[in-house]
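Overview (structure and organization)
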Amino acid sequence: MRLGRTLRQRQPAGQRTIAQTAVVLLRKFGTDAHIYLPGVGVVSGLIAGNYSDSARTTLAEVDAVVGGVIDAQGAIHAAQTTTANKPMLRSTTGKYYWQFDGSNDSLTLDSVPFLMSDDFAVVASYTPTSLAVNADIFAQRSSVSTVPTTLMRLSTTGVIQCVSKDGSGTTATVSTTNSAVTAGTVCIASIRKVGSSRKARLNGGSTSTADTTSYGATSFNSAAIGVSPIGTPSGYANGTIGPVVVIKGTVTDAELVILERWVSSLTPNGPRI
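Residues numbered from 1 in each chain as written. Predicted model: local features only at pLDDT ≥ 70, side-chain atom pairs only at ≥ 80, totals over all residues. Heavy atoms only, no water.

When strand 4 (residues 64-65) meets strand 7 (residues 88-92), the two strands line up antiparallel, connected through two bridges. Considered in strand 7, the bridge of Ala64 is made with Leu89. Strand direction decides the pairing type here: strand 7 and strand 8 (residues 95-101), joined by five bridges, are antiparallel. Its bridge partner lying in strand 8, Met88 is registered against Gln99. From the end of strand 7 to the start of strand 8, which pair antiparallel, there are two residues, and Thr93 there has a positive phi angle of about 50°. (Pairing = 2+ DSSP bridges. Helix = DSSP H or I, 4+ residues; strand = E, 2+ residues; numbered from the N terminus.)

Take the confidence of the model for the protein chain next. With 94% of its residues at a pLDDT of at least 70, the protein chain reaches an overall mean of 92. In this model, residues 1-15 is a region of pLDDT below 50 whose contacts with residues beyond four sequence positions or in other chains number three contacts. (pLDDT = per-residue confidence, 0-100. Contact = heavy atoms within 4.5 Å.)

Among the six residues in strand 3 (residues 46-51), five count as buried, and that is most of the element. When strand 2 (residues 40-43) meets strand 3, the two strands line up antiparallel, connected through four bridges. Note that in strand 3 the partner of Val42 across the bridge is Ile47. Linkage of strand 2 to strand 3, two consecutive antiparallel strands, is achieved through a turn of two residues, within which Ser44 is found at a positive phi near 55°. As paired strands, strand 3 and strand 5 (residues 68-69) are joined by two bridges and run antiparallel to one another. Of the residues in strand 5, the one forming a bridge with Tyr51 is Gly68. (Buried < 20%, exposed > 50% of the residue type's maximum accessible area, 1.4 Å probe, protein only.)

Attention now moves to the environment of Arg198. Structurally, the position occupied by Arg198 is in strand 16 (residues 197-202). Note: C-alpha distance between Arg198 and Ile225 (27 residues apart in sequence) is 20 Å. Setting aside chain neighbours within four positions, we find Arg198 in contact with Cys162, Ser164, Thr173, Ser175, Arg192, Lys193, Thr209, Ala210, Asp211, Thr212, Thr213 and Tyr215. A distance of 3.3 Å separates a polar atom in the side chain of Arg198 from a polar atom in the side chain of Ser164. (Polar contact = N/O pair within 3.5 Å; in protein donor to acceptor, adjacent residues only side chain to side chain.)

This part is about the environment of Pro87. Note that Pro87 resides in the loop between strand 6 (78-79) and strand 7. Accessibility expressed as a relative area gives 0% for Pro87, which makes it buried. Through-space distance from the C-alpha of Pro87 to that of Asn104 is 9.0 Å; in sequence the pair is 17 residues apart. With near-sequence residues (within four places) excluded, Pro87 lies in contact with Ala64, Val65, Val66, Trp98, Gln99, Phe100, Asp105, Ser106 and Leu107.

Structure representation (structure tokens):
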């Protein structure tokens, strides 16, 4: 028994510890936490269910298209029905990610994870191939004429933005990090709303000034990874996206750091947070 304990103590603990801590945290939110993991198999005790078809019947392979992704904790899955618009599944040093082409690749969620009035948090890794156009890493929109909006965006200047707009026809507001990344550099992007305060964050350290604009009730009817899903889609991601975590609920500063570190640990060359 003593030898067994000694062997366990000698195992690398850093990544295992953050993974275990992150999974416990995510389970606290129950089905209000939605986890989209690139890859096939088990990651941190969660299923990374990637499929080549939108019906999610045939498992995806590395360097091939992804047409469906299982929500590893909730019940809002993601899919792409058009073969030409499917991202590719890639792997580097045993860590998986999706490659988006910047012109039509995206994954559409089955439904909307949160409302404008809800507290929320979104965390994802992103490596831009180019900064030529704004890239919407995660977005919630609506097809109504005034287009209510919640976006996690990497702008053409390399900063992470939380872009918000309600359905009353008001002008969108933007909270922007004060640090930026360059093309080819991996980053961990976060946006979070607590009460009336919305912020963006880059690599766990560069936090935007709070956007405290009061927005009225509104309805989203679409959500997606890698694009802004409106009538004419825009903001296609041009680069690679790793794990995406979307939570409906109040996420604290300490909890956000845990999620950022976990996502970074699953991303090739993820930054130290």
